[in-house]
Amino acid sequence: MDKDPHFIIHSTNPLNAEPEPDKLRENFITPYKEFYIRNHGDIPEIDENIFRLQVNGLVEREMELSMKDLLEDFSKHSVMATLQCAGNRRTELLQVAPVPGEVPWHDSAIGNAVWTGVRLRDILIHSGVKNEARYIEFMGADEVFRHGENVGFGASIQIEKGLSDEVILAYEMNDSPLEPTHGFPLRAVVPGYIGARSVKWLTRITLLKEPSKNYFQDHAYRLFPPEAKAETVDWNTGIQLSELNVNCVITAPKNDSIINNGAVTAEGWAISGGKKIIRVEISIDNGVSWSNAKITDGDNPMTWSFWEAKLALPSGESEIIARAIDSEMNIQPAELREVWNFKGYMNNGWHRVKVGVKES
Ligand code: MTE
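Basis of the calculations
- In this numbering scheme, every chain counts its residues from 1 along its sequence in written order.
- Residues qualify for local features only when their pLDDT is at least 70, as the model is predicted, and side-chain atom pairs are given and counted only at 80 or more; totals for whole chains, interfaces and linings, by contrast, use all residues.
- Note that the side-chain values use all heavy atoms of the structure and ignore hydrogens as well as water.
- The criterion for strand pairing is that DSSP finds at least two bridges linking the strands in question.
- Every helix listed is a DSSP run of H or I at least four residues long, and every strand listed is a run of E at least two residues long, numbered separately from the N terminus.
- Residue proximity to a molecule or strand is established when one non-hydrogen atom of the residue lies within 4 Å of it.
- By the criterion applied in these results, polar contacts are pairs of N or O atoms within 3.5 Å in which, for protein atoms, one can donate a hydrogen and the other can accept it, and in which residues neighboring in sequence qualify only through two side-chain atoms.
- Each accessible area value is a Shrake-Rupley result obtained with a 1.4 Å probe; residue values ignore everything except the protein chains displayed when judging cover.
- Of the grid points, spaced at 1 Å and generated over the protein atoms alone, those admitting a 1.4 Å probe that cannot get out make up cavities, while open sets with protein on both sides within 12 Å along at least five of seven lines make up pockets; any residue with an atom within 4 Å of a point is treated as lining.
- Just a note on the criterion: a molecule sits in a pocket or cavity if more than half of its atoms are within 2 Å of the grid points.
- Cysteine sulfurs are considered disulfide-paired once they come within 2.5 Å of each other.
- Burial classes follow relative accessibility: with a 1.4 Å probe on protein chains only, a residue under 20% of its type's maximum area counts as buried, one over 50% as exposed, and anything between as partly exposed.
- For this document, the term salt bridge refers to a Lys or Arg side-chain nitrogen within 4 Å of an Asp or Glu carboxyl oxygen.
- In this analysis, two residues are considered to be in contact whenever any of their non-hydrogen atoms come within 4.5 Å of each other.
- Grid points are joined across faces, edges and corners, and a volume is the space filled by probe spheres set on the points.
- Polar here means any residue other than Ala, Val, Leu, Ile, Met, Phe, Trp, Tyr, Cys and Pro, which are nonpolar, and Asp, Glu, Lys and Arg, which are charged; Gly is therefore polar.

J.: Just to check I follow, could you spell out the sheet that holds strand β25 (residues 316-326) for this structure?
T.: The pairing of strands in a sheet comes from backbone hydrogen bonds and takes either a parallel or an antiparallel form. The strand order across the open sheet built from five strands is β19-β26-β25-β21-β22, with neighbouring strands paired in mixed fashion. Both edges of this open sheet fall to β19 (257-259) and β22 (291-292), since each of them pairs with a single strand only. Relative to β22, strand β21 (residues 277-283) runs antiparallel, the two being bridged by two bridges. Residue E281 lies in a different strand from β22, and its bridge partner there is N292.

Written out as structure tokens, the structure is:
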């Protein structure tokens with residue numbers, strides 16, 4: 001694997017890996033080497049010369065587009081967008097109860113990139129969308145097995161989102177051709193939504209009346225309340241995830257680190273799906289009082305923001321807590337038990353880091 005040597009590899013088959021949190025915080029635009037990988041099957045080998053993108057379903061004209069068609073017949077657009085996996089920060093939820101069978105992500109299943117390609121809207125206008133079409137289904141080329149069957153990896157988004165300026169079918173990431181790990185030769189990028197809707201190795205777009213029936217839209221990536229149990233739950237009652245919730249992480253200092261002096265600069269990132277981060281607050285007294293961190297970078301609703309806070313910690317054990325607030329006044333909940341769910345999605349409880357300060 002040509003990622004950073006410090007990458008944390010959760011599994012190799014399928015490949016699931018994330019960077020170290022402090023490495024991630026070094027660059028506002030995440031370099032390829034530090035960008036997390038979330039796969040459900042093997043990475044398919046696709047020959048871009050024989051690759052075709054099918055567009056079908058409730059369209060006036062079905063189409064099959066080659067990479068040459070996409071490059072020559074449609075204008076090129078770039079969007080900066082942060083992708084985050086719905087399972088990011090899952091390990092913290094294990095403090096409440098186990099989450100069996102899911103990747104134990106720490107807090108770096110997130111990355112920010114400039115995605116370049118064609119606008120989904122331009123493809124839709126070209127093929128003509130029938131009035132009754134309400135959803136756009138994306139299908140990837142990877143084989144993904146669930147319950148002994150190859151279900152493939154698919155997702156769907158509402159037509160209104162698909163017609164917005166920001167949804168891109170990307171063939172470049174950070175000005176370089178997309179790498180196989182991230183979806184070569186073409187992937188959907190749906191800014192503001194959970195990463196699972198940004199389908200890699202995209203080979204088909206189908207216009208539908210209803211959300212996709214693919215396993216990863218219809219069954220997985222649904223959010224259930226803390227009391228729901230996998231064995232007894234009615235899967236149809238779970239919310240099909242789309243927009244990310246408001247979240248933030250402290251990337252420095254590291255949890256359980258020992259620092260020499262109480263004067264420390266805490267730093268991290270914050271995000272909310274399609275909304276601006278307007279404030280990040282820090283507490284060092286278990287949430288009794290809060291001070292504002294400084295947002296140092298990022299005021300785009302489609303990307304994360306970076307923040308830092310200069311703190312004076314007393315000698316001994318301290319806990320630094322961070323929480324973010326977005327432009328619609330959404331604020332992170334305090335307790336992990338409020339957000340725990342048996343699939344371990346969307347953990348956005350206050351982020352906590354314990355440090356020891358040596359007597360000076
Ligand atoms: N697309 C396909 N075809 N197969 C996948 O397994 N994983 C999804 C999404 N698109 C996936 C996919 C998930 S859950 C996430 S979080 C993002 O891709 C991760 O994108 P990345 O690996 O480029 O970081």
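J.: What am I meant to see in the site of the ligand here?
T.: In the region of the ligand, 19 residues are neighbours, and Y36, D142, H182, R187 and K200 sit closest. One of the backbone N or O atoms of R38 is found 3.0 Å from an oxygen atom in the ligand. Separating an oxygen atom of the ligand from a side-chain N or O atom of H182 is a distance of 2.6 Å. Protein contacts shield 100% of the accessible area of the ligand, which totals 530 Å² for the unbound molecule. The site holding the ligand turns out to be the largest cavity.

J.: How should I be thinking about the state of the cysteines in this particular structure?
T.: In a disulfide, the sulfur atoms of two cysteines are held together by a covalent bond. This structure, assessed with the given rule, holds zero disulfides. Free cysteine C85: the closest other cysteine sulfur is in C248, separated by 18 Å. The class of C85 is buried, set by a relative accessible area of 7%. Judged by relative accessible area, C248 falls into the buried class, the value being 0%.

J.: Looking at this structure, I do not really get the pattern of salt bridges. What am I missing?
T.: Proximity of charged atoms lets side chains of opposite charge pair with each other. This structure, assessed with the given rule, holds 20 salt bridges. In this structure, E72 and K68 form a salt bridge, with 3.4 Å as the shortest nitrogen-oxygen distance. Taken together, the residues span about one helical turn, with E72 and K68 both in helix α2 (residues 67-73) at a distance of four residues. By relative accessible area, which is 55% here, E72 ends up exposed. Taking the relative accessible area as the measure of exposure, K68 reaches 54% and is therefore exposed. We note a salt bridge from K354 to E319, for which the minimum N-O separation is 3.6 Å. Taken together, the residues span a long stretch of sequence, with K354 in strand β26 (residues 351-357) and E319 in strand β25 at a distance of 35 residues. Given the relative accessible area of 40%, K354 is considered partly exposed. A cluster of three or more residues bridged by salt bridges with shared partners is formed by E20, D22 and K254.

J.: Would you mind showing me how to read the side chain of T30 here?
T.: Tracing the chain through its elements places T30 in the loop between α1 (21-24) and β3 (37-38). Among residues more than four places away in sequence, those in contact with T30 are L24, F35, G111, N112, N174 and W304.

J.: Hey, could you run me through the pairing of β21 in this one?
T.: Regular strands place side chains that alternate from one sheet face to the opposite one. Most of β21 is tucked away, with five of its seven residues classed as buried. Here β21 runs beside β25; their pairing, made up of six bridges, is antiparallel. Its bridge partner being in β25, E281 is matched across the sheet by R323.

J.: Would you mind showing me how to read empty space enclosed by the protein here?
T.: By rolling a water-sized probe across the atoms, one finds the places where empty space is left. Counted by the stated rule, this structure contains two cavities of 30 Å³ or more. Computed from the structure, the largest cavity encloses a volume of approximately 240 Å³. What lines the largest cavity is a set of 20 residues, and nearest its centre among them are R38, R187, G195, S198 and K200. Of the residues assigned to the lining of the largest cavity, the class counts are 11 nonpolar, five polar and four charged. For the second largest cavity, the calculated volume is near 30 Å³. Of the residues contributing to the lining of the second largest cavity, the split by class is four nonpolar, five polar and no charged.

J.: So what exactly am I meant to see when it comes to the sheet that holds strand β1 (residues 8-12) here?
T.: Pairing is antiparallel across the open sheet formed by three strands, whose spatial order is β1-β2-β3. In the strand order of this sheet, the two ends are held by β1 and β3, each with one partner. Pairing of β1 with strand β2 (residues 15-18) involves four bridges; the strand directions are antiparallel. Residue S11 lies in a different strand from β2, and its bridge partner there is N16.

Fair warning: the whole summary comes from geometry, so function is off the table for now.
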